[in-house]
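Spelled out from the first residue to the last, the chains are:
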Amino acid sequence: MTHEATAEPGAVKTAAPAAAGAPDGRRSGRTGTRRGGAGRRGSGWTPWLYLAPALVVLAGLLVYPIYQLGLISFLEYTQAQVSGGEPTTFKGLGNYQELFSDRQFWDVLLATVVFAAACVIATLAVGCALAVLLTRIRALPRLLLMMAALGAWATPAITGSTVWVFLFDPDYGPVNRLLGLGDHSWTYDRYSAFALVLFEVVWCSFPFVMVTVYAGIKAIPSEVLEAASLDGASQWRIWRSIIAPMLRPILVVVTIQSIIWDFKVFTQIYVMTSGGGIAGQNLVLNVYAYQKAFASSQYSLGSAIGVVMLLILLAVTLVYLRLMRRQGEEL
């Protein structure tokens, strides 16, 4: 009993410091939590610090030109103001009113929308078809097709446009000779000229779609495609029901990129139709803005057209992204 009585006070003495130390431990834990929270809050700025150099470059190359474009569109800014002969005056929405009251502007806008839509659809169709083809052929033909496509993609627009004009030239072009069309001029008629430009735009644009979609297809598990084939699904059904839904985020990206590129086509139209075709029958908004700004020295009207193009592209992109997010896609 003496031994038990001696051990019991010792136990009390040992537990007392632990109990007394508990508040200190809790305070220490709370302090550590506060420090950890402060560290996490402080680390929130770290990504922005890494992005700061790129954001500064983008601000200089994108934000400031857009600001200047919008500013000039509200001014009376012609060759007289550029040379200093007359003072620059604020015109407000006068340039936009003049632009929207011009019948030619609406005709050019409609032609631009239809032409860009045709280019986007054709580019996506050709690019996706060749991407599927790449998954079906052997290594050597695949390499040759990839090299040919990348060569078309790397060709400057002015070079490719000049080559296509030569190929379809009514006097020296080999296409007319092969087809037996004699001295038929492809750029004389409005629709054949637009079709010729469309072929060139698709030729230099489909490689981007082909390579991107091909990479997405290769990332799809092969077991899924094999299971669909064993179930008797056709190639079209596999593409429509399996590949396309799984590639939807990639297709969104390439579609938006194609819309932006094809809506603001300039070089191909300007080179292949000699500045917009006969009597401006092949004008698109980008060439129309160039003619207004530099050929007519109406820089404020050209800037207004540029602002309208920017707003249209932003609206198309935002609407497309909104529709895709409604379908539950994470982009």
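Worth saying up front: this structure is predicted, and the values here are computed from it rather than measured. (Residues numbered from 1 in each chain as written. Predicted model: local features only at pLDDT ≥ 70, side-chain atom pairs only at ≥ 80, totals over all residues. Heavy atoms only, no water.)

1. Re the overall build of the protein
Secondary structure assignment for the protein yields 15 helices and two strands. Counting every position in the protein, which comprises 331 residues, the buried fraction comes to 32%. Here the contacts in the protein between residues at least 6 apart in sequence split such that 67% fall between residues at least 24 apart. Summing over all exposed atoms, the protein offers an accessible surface of approximately 20,100 Å²; the carbon and sulfur share of this is 67%. (Helix = DSSP H or I, 4+ residues; strand = E, 2+ residues; numbered from the N terminus. Buried < 20%, exposed > 50% of the residue type's maximum accessible area, 1.4 Å probe, protein only. Contact = heavy atoms within 4.5 Å. Areas by Shrake-Rupley, 256 points an atom, 1.4 Å probe, with all protein chains shown as cover.)

2. Comments concerning the environment of tyrosine 288
Among the secondary structure elements, tyrosine 288 is positioned in helix H14 (residues 285-295). On the basis of relative accessible area, tyrosine 288 is assigned to the buried category, the value being 1%. Along the primary structure tyrosine 288 and glycine 276 are separated by twelve residues, whereas in three dimensions their C-alpha atoms are 8.1 Å apart. Engagement of the side chain of tyrosine 288 in a polar contact is seen with the side chain of aspartate 102, the distance being 2.8 Å. (Polar contact = N/O pair within 3.5 Å; in protein donor to acceptor, adjacent residues only side chain to side chain.)

3. Quick notes on the packing of helix H5 (residues 103-134) against helix H9 (residues 190-219)
Closest axis-to-axis distance for the H5/H9 pair is 6 Å, and the angle between their directions is 40°. In terms of orientation, H5 and H9 fall into the oblique class. The crossing of H5 and H9 is right-handed. Here the residues of the contact of H5 with H9 sort into 23 nonpolar, three polar and one charged. (Axes fitted to C-alpha atoms, helices over the stretch in contact; angles between N-to-C directions. Parallel < 35°, antiparallel > 145°, perpendicular 65-115°, else oblique. Left-handed = near helix turned anticlockwise from the far one by under 90°. Nonpolar A, V, L, I, M, F, W, Y, C, P; charged D, E, K, R; others polar.)

4. What about the environment of proline 249?
Positionally, proline 249 belongs in helix H12 (residues 248-263). Relative accessible area serves as the criterion here: at 28%, proline 249 is assigned to the partly exposed category. Separated by 72 residues in sequence, proline 249 and leucine 321 place their C-alpha atoms 10.0 Å apart.

5. Section: the confidence of the model for the protein
Overall, the predicted model of the protein reaches an average pLDDT of 85, with 85% of residues at or above 70. The model gives residues 1-23 a pLDDT under 50, and that stretch makes zero contacts with residues more than four places away or in other chains. Here residues 25-34 is modelled with pLDDT under 50, and outside its nearest four sequence neighbours on either side it reaches zero contacts, counting other chains as well. (pLDDT = per-residue confidence, 0-100.)

6. Some points on the packing of aromatic side chains
One pass over the full model with this rule turns up 18 aromatic pairs. Residues phenylalanine 74 and tyrosine 96 carry aromatic rings whose centres are separated by 5.7 Å and whose planes lie at 50° to one another, so their mutual orientation is tilted. In this pair, phenylalanine 74 sits in the loop between helix H2 (46-72) and strand S1 (75-76) while tyrosine 96 sits in helix H4 (residues 94-100), placing the two residues 22 residues apart along the sequence. Ring centres of phenylalanine 294 and tyrosine 299 lie 6.0 Å apart, and the angle between their planes is 80°; this geometry places the pair in the edge-to-face category. (Phe/Tyr/Trp six-rings, centres within 6.5 Å; stacked < 30°, edge-to-face > 60°.)

7. Structural notes on H5
Note: α-helices contain 3.6 residues per turn, so residues at a spacing of three or four share the same orientation. Along its 32 residues, H5 runs 47 Å from first to last C-alpha, staying within 8% of the 46 Å computed at 1.5 Å per residue. One side-chain oxygen at the N-terminal end of H5 lies 3.1 Å from the backbone nitrogen of glutamine 104; it belongs to aspartate 102. (Expected span 1.5 Å × (residues − 1).)

8. Brief notes about the pattern of salt bridges
The final tally for this structure, using the stated rule, is three salt bridges. Salt-bridge contacts for lysine 91 lead to glutamate 76; the nearest nitrogen and oxygen are separated by 3.2 Å. Taken as a pair, lysine 91 in the loop between strand S2 (89-90) and H4 and glutamate 76 in strand S1 lie far apart in primary sequence, 15 residues in all. The closest approach of N and O atoms between aspartate 107 and arginine 103, which form a salt bridge, is 3.5 Å. Note that aspartate 107 and arginine 103 are positioned in helix H5 at a spacing of four residues, about one turn of the helix. Several salt bridges converge on common partners, so that one network encompasses Glu76, Lys91 and Glu98. (Salt bridge = Lys/Arg side-chain N within 4 Å of Asp/Glu carboxyl O.)

9. Let's talk about unusual backbone geometry
Despite not being glycine, serine 274 shows a phi value in the positive range, around 60°. Within the secondary structure layout, serine 274 lies in the loop between helix H13 (267-272) and H14. Positive phi values are uncommon outside glycine, yet alanine 279 reaches one of about 55°. With respect to the helices and strands, the residue alanine 279 is situated in the loop between H13 and H14.

10. Digging into the side chain of glutamate 200
Among the structural elements, glutamate 200 can be located in helix H9. The buried charged residue glutamate 200 lacks any salt bridge, with lysine 264 as its nearest oppositely charged partner at 13 Å. Setting aside chain neighbours within four positions, we find glutamate 200 in contact with Ala157, Gly160, Ser161, Trp164, Gln268 and Met272. (Lys, Arg positive; Asp, Glu negative; His and termini not counted.)

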